[in-house]
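# Tertiary structure, described
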Amino acid sequence: MPARTNDDAPESAAQEPDGPRPEKAADPSVASGASGMSGVSGPSGVVSPETPGGVTPETPAGATEPAGATESTPAGTSEATPDEGTVASIEIAGHPGTGGPVDDVRVAAVRRVGAAGRRWRAAQLGACAAMLAVGLTAGAVAFGAVRDGQRPAPVPAAAAVSPGLLTSSDLATGIASLQAHLRAQPKDFGGWATLGLAYVEQARTQGDPSRYPQAERALKRSLALRPDNDQALSGRAALAAARHDFTGALTFADRALRQNPYGERALCSRIDALVELGRYDEAAEAARVADERRPGVPVFTRYAYVHELRGDLATARRVLEQALAASTSAGDIAYVATQLGQLAWNQGDPATALTDYARALAADENYLPALEGRARAQAASGQKAAAITGLEQVVARYPLPGPLVALGELYEARGAAGDAAKARDQYTLVDAWTALARAGGVNPDLDTALAAADHGDRAAALRAARAEWDRRQTVHTADALAWALHVNGKDTEALPYARRAAATGYRNAAFLYHRGVIERATGRTAGARTHLTAALKLNPGFSPLGAREARTALKDLAADGAKAAEAGR
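Since the model is a prediction, treat every value here as computed from it, not as a measurement.

## Regarding the overall build of the protein
The number of helices and strands found in the protein is 26 helices and three strands. Scored against the burial criterion, the 569 residues of the protein give a buried share of 58%. Put simply, of all contacts in the protein between residues at least 6 apart along the chain, 70% involve residues at least 24 apart. For the protein, the exposed area adds up to about 20,900 Å²; of that, 53% sits on carbon and sulfur atoms.

## Details of the packing of aromatic side chains
For the coordinates displayed, the defined rule picks out four aromatic pairs. Ring centres of Tyr-506 and Phe-511 lie 5.7 Å apart, and the angle between their planes is 75°; on these two criteria the pair is classed as edge-to-face. Of the two residues, Tyr-506 and Phe-511, both sit in the buried class. With centroids separated by 5.5 Å and ring planes inclined at 45°, the aromatic side chains of Tyr-513 and Phe-542 adopt a geometry described as tilted. Of the two residues, Tyr-513 sits in helix α24 (residues 509–521) while Phe-542 sits in the loop between α25 (525–538) and α26 (544–567), which places them 29 residues apart along the sequence. Judged on exposure class, the residue Tyr-513 and its partner Phe-542 are both buried. In this structure an aromatic cluster arises from ring pairing among Trp-483, Tyr-513 and Phe-542.

## Here's the deal with helix α19 (residues 419–439)
Its 21 residues place the ends of α19 31 Å apart at the C-alpha level, agreeing with the 30 Å of an ideal helix rising 1.5 Å per residue. Where α19 terminates, the next one or two residues include Gly-441, which has phi positive at roughly 85°.

## Points about the pattern of salt bridges
What the rule picks out here adds up to 23 salt bridges. When the shortest N-O distance is used, the salt bridge between Arg-279 and Glu-282 registers 2.8 Å. Arg-279 sits in the partly exposed class, given a relative accessible area of 34%. The exposure class of Glu-282 is partly exposed, given its relative accessible area of 38%. By sharing partners, the salt bridges in this structure join Glu-276, Arg-438, Asp-445, Glu-468, Arg-471 and Arg-472 into a single network.

## Here's the deal with a positive patch on the surface
Taken together, the side chains of Lys-384, Arg-548, Arg-551 and Lys-555 present a region of like positive charge at the surface. No other element matches α26, which puts three residues into the positive patch. Position of Lys-555 relative to the elements: it lies in helix α26.

## Remarks on helix α17 (residues 384–397)
Helix length check: α17, at 14 residues, gives a terminal C-alpha distance of 20 Å against a target of 20 Å (1.5 Å per residue), a fit within 8%. Among all positions in α17, only Ala-387, Ile-388, Gly-390, Leu-391, Glu-392, Val-394, Val-395 and Ala-396 are buried.

## With respect to empty space enclosed by the protein
Using the criterion set out here, one finds five cavities of 30 Å³ or more in the structure. Counted as a void, the second largest cavity has a volume near 40 Å³. Around the second largest cavity, the lining residues are Val-275, Tyr-280, Ala-283, Val-306, Leu-309 and Arg-310. Among the elements of the structure, α11 (280–293) and α12 (297–309) are those that each provide at least two residues to the lining of the second largest cavity. Across the lining of the second largest cavity, the residue classes tally to five nonpolar, no polar and one charged.

Calculation criteria
Residues numbered from 1 in each chain as written. Predicted model: local features only at pLDDT ≥ 70, side-chain atom pairs only at ≥ 80, totals over all residues. Heavy atoms only, no water. Helix = DSSP H or I, 4+ residues; strand = E, 2+ residues; numbered from the N terminus. Buried < 20%, exposed > 50% of the residue type's maximum accessible area, 1.4 Å probe, protein only. Contact = heavy atoms within 4.5 Å. Areas by Shrake-Rupley, 256 points an atom, 1.4 Å probe, with all protein chains shown as cover. Phe/Tyr/Trp six-rings, centres within 6.5 Å; stacked < 30°, edge-to-face > 60°. Expected span 1.5 Å × (residues − 1). Salt bridge = Lys/Arg side-chain N within 4 Å of Asp/Glu carboxyl O. Patch = residues over 30% accessible without salt bridge, like charges linked within 9 Å, V, L, I, M, F, W, Y side chains within 5 Å. Lys, Arg positive; Asp, Glu negative; His and termini not counted. Charge placed at Lys NZ, Arg CZ, Asp CG, Glu CD. 1 Å grid on protein atoms, 1.4 Å probe; cavity = no way out; pocket = protein on both sides within 12 Å on 5 of 7 lines; lining within 4 Å. Points joined across faces, edges and corners; volume = space filled by probe spheres on them. Nonpolar A, V, L, I, M, F, W, Y, C, P; charged D, E, K, R; others polar.

So this is what it looks like as structure tokens:
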């Protein structure tokens, strides 16, 4: 499966304490160091909501919204305080700064069609068009205009401002309630911070980066009202991580922890940022500190990922099992079970992975990472038809790069009539998602490099991989740069990066495959056989196309060896 990023790991949505240090977990092996990390940030225990078209409930006609704060402020600087009583009128006919009523109607119409569950090509292309349209208008307003005359159900103010809404299965209703509350109480800095985090979570669970500018406005408004409040600073850290700005995430997490050393969200975002910056020793220490200060599922899963990156798979699985046993909310159960499934799948055990994904889907039948993981495990188990059907359902809802590429490769591997065109559609949608991500302030260079190297513009893949390597030097960026260099014919330059991808002990079949192919291209046949064989032994189903090409390469190497031996007689 693709590398885990800061888009899919939970954090606790509970209020951060300002009081004494919390008690450690009952199980000392989990609490004191055998914990686990999934390497990603976002509020914990969230069940993916089913919202029409993937958007929040909108403001009733004639209502007003609180004004958002100004655009982004560099980390470490203070936000200017706006007029706290100012409210901005919602424009019902069309978003301010866009094409007006026609654009607004088009977005609404495409969203409604997308929500109706269109199937593979129409669903994928239509959903992407809707997301792109949203991306073009998202920067204009902090809240959307009314759709279809629907009004959000009123919720008491106390419920509206509670961060617990982030663990609700009805995140969209919680957002609508917060909007209503903030119209009445525009000086509630905690409400603004929670709204910002809710937008980050909605973007993460629904694959819609257009929500990130809205999150930024809400979080900046919170900081304008109460500078250095740790809830908003933690939100800014989570937002920066979601946008793949890991340096910014670290800066905001550190600022939040200066205000509240026991803030779970900031502790987790700090681990995430250090992992994604390739500062693995510091990440391990950050995980240890977080485990001492705030043990719990979000910290345990991150600690496990630190162990996985070092090749300590037994500890990673044990800690994730302990985290699952400690999970009570449907969101936490779905998340941790999915991480267990991914760990099993990465190590070539699709049967165990399918069991883990079943546990996740029993908790939340709509949890997209589990649905995607199950489809990949089905493909590795030979259930190709079920895998294709599953991935079609995933990308019809949220066309993200990982499942789009996986579905395209399954089409290519099947090779039925029309499959080549279907595969091209998936790869085209990756480019569309990239445009949307950039519009939402996300840096998608790693996703671009990985997808384009095999299925797109190879020169663009290399540019993206070099840019990402310059920003952060991790095992995943090393592998992406190595492969991008290879597909551009620069194998001698690629080999050191392929070796660096294995430097921590992290075991990944795709990495081994890439290294073997690069070694073969540089004449290192012994190394090529070793690493291609290791890739297939570790996970024979790591990629529908990559695994097939690895087997072909090994046959060719064997034939070349036989010819050389015959010639030497």
